[in-house]
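Survey of secondary and tertiary structure
So the chains spell out like this:
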Amino acid sequence: MNIIRDLEYFKPVEKDGYVEVVLPVAIKTFKACLRLRIYKTENGYAISDDGYTFYDSNEDSKYYYDLYKQNNKCHYDILLKDDYFYKEYQSSFNINIAINEFIRFFIYLDDYIRLNDIN
């Protein structure tokens, strides 16, 4: 598995301990493009956001995540820990599909917050 090669059209950047990709997905809720971090793990890789998704919001990430997860089944088993949305994948799991899961998750989360007028 070569994360850089598999993601070259996203222009990944190697950082200290992870690969970062900034996706052209504008999420209104947190007023930014989606920024993901990909870490190698013992059995594959993990993806997380940058931990700043709800940095400027009225509530913390846990508040929004818990509301969303209680009322929506489209969470792709993405978890939350210390303000980081994340999921671990086996090395055989296609990285592009994993990124698609995160994109869908954040779009659905953003829609849920906006459509329900949650502040």
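Okay, so let's go over this structure. None of the values given here were measured: they were computed from a predicted structure.

1. Here's the deal with the side chain of Thr53
You can see Thr53 is positioned in the loop between β4 (44-49) and α2 (61-71). Taking relative accessible area as the criterion, Thr53 reaches 3% and is therefore assigned buried. Separated by 2.3 Å, the side chains of Thr53 and Asp49 make a polar contact.

2. Notes on the packing of α2 against helix α3 (residues 95-115)
Geometry of a packed helix pair, given as the angle between the helix axes and the separation of the axes. With their axes 10 Å apart at the nearest point, α2 and α3 run at an angle of 95° to one another. In terms of orientation, α2 lies roughly perpendicular with respect to α3. On α3, the residues that touch Tyr64, Tyr65, Leu67, Tyr68 and Asn71 of α2 are Phe105, Tyr108, Leu109, Tyr112 and Ile113. A breakdown of the residues in the contact of α2 with α3 according to their chemical character gives nine nonpolar, one polar and no charged.

3. What about the nonpolar core?
Residues Ile38 and Ile47 are the most contacted members of the largest nonpolar core, which totals 29 residues. Mapped by element, the contributors of at least two residues to this core are β2 (19-27), β3 (32-40), β4, α2, β6 (84-90) and α3. The element that contributes the greatest number of residues to this core is α3, accounting for ten residues.

4. Remarks on α3
Between its first and last C-alpha, α3 extends 30 Å over 21 residues, near the 30 Å set by a 1.5 Å rise per residue. Of all the residues in α3, the buried ones are Ile95, Ala98, Ile99, Glu101, Phe102, Ile103, Phe105, Phe106, Leu109, Asp110, Tyr112 and Ile113.

5. Digging into the packing of aromatic side chains
Counting across every chain of the model gives 15 aromatic pairs. Between Tyr52 and Tyr55 the ring centres are 5.5 Å apart and the planes differ by 80°, which places this aromatic pair in the edge-to-face class. Look at Tyr55 and you get exposed, because its relative accessible area is 62%. Centroid distance Tyr68 to Phe105: 5.7 Å. Interplanar angle 85°. Geometry classified as edge-to-face. Separated by 37 residues along the polypeptide, Tyr68 in helix α2 and Phe105 in helix α3 bring together distant segments of the chain.

6. Some words on the sheet that holds β4
Taken together, the six strands give an open sheet; going across it, the order is β1-β2-β3-β4-β6-β5, and neighbouring strands pair in antiparallel fashion. At either end of the open sheet lies a strand with only one pairing partner, and these are β1 (13-14) and β5 (79-81). Bridge count for β5 against β6 is three bridges, and the pairing is antiparallel. The residue of β6 that forms the bridge with Lys81 is Tyr84. On the sheet, α3 packs against β2, β3, β4 and β6 and is oriented at approximately 150° with respect to β6.

7. Let's talk about the pattern of salt bridges
Tallied over the entire structure, the rule returns seven salt bridges. Residues Asp111 and Arg114 are paired through a salt bridge, measuring 2.7 Å at the closest nitrogen-oxygen approach. With Asp111 and Arg114 both in helix α3 and three residues apart, this pair spans about one turn of that helix. Taking relative accessible area as the criterion, Asp111 reaches 25% and is therefore assigned partly exposed. Looking at Arg114, the relative accessible area reads 39%, which means it is partly exposed. Each member of the salt-bridge network shares a partner with another, and the members are Lys15, Glu20, Arg35 and Asp50.

About the criteria used
- Note that residues are indexed from 1 along each chain, following the sequence as it is written.
- Note on the predicted model: pLDDT of at least 70 is required for a residue's local features to be given, and 80 or more for side-chain atom pairs to be given and counted; whole-chain, interface and lining totals, by contrast, use all residues.
- Where side-chain values are given, they derive from all heavy atoms of the structure, hydrogens and water being excluded.
- Segments assigned H or I by DSSP are reported as helices when at least four residues long, segments assigned E as strands when at least two residues long, and all are numbered from the N terminus.
- Between buried and exposed lies partly exposed: a residue is buried under 20% and exposed over 50% of the maximum accessible area for its type, with that area taken using a 1.4 Å probe on protein chains only.
- Between N or O atoms, a polar contact is any pair within 3.5 Å; within protein, one atom must be a potential hydrogen donor and the other a potential acceptor, and residues adjacent in sequence are included only when both atoms are from side chains.
- Between N-to-C directions, angles span 0 to 180 degrees; the directions come from axes that are lines fitted to C-alpha atoms, helices contributing only their stretch in contact.
- Angle categories are assigned with fixed cut-offs, so that under 35 degrees is roughly parallel, over 145 is roughly antiparallel, 65 to 115 is roughly perpendicular, and the rest are oblique.
- We call two residues in contact when some of their heavy atoms are within 4.5 Å.
- Put simply, Ala, Val, Leu, Ile, Met, Phe, Trp, Tyr, Cys and Pro go in the nonpolar bin, Asp, Glu, Lys and Arg in the charged bin, and everything else, Gly too, in the polar bin.
- What is meant by a nonpolar core is a set of buried Ala, Val, Leu, Ile, Met, Phe, Trp, Tyr and Cys residues, joined one to another through side-chain atoms within 4.5 Å.
- The length a helix should cover is 1.5 Å for every residue beyond the first.
- Geometry of aromatic contacts follows a simple scheme: Phe, Tyr and Trp rings, the Trp one being its six-membered ring, pair when their centres are within 6.5 Å, and the pair is stacked under 30 degrees between planes, edge-to-face over 60, tilted otherwise.
- Two strands form a pair only when DSSP identifies at least two bridges running between them.
- In the sections that follow, a salt bridge refers to a side-chain nitrogen of Lys or Arg positioned within 4 Å of a carboxyl oxygen of Asp or Glu.

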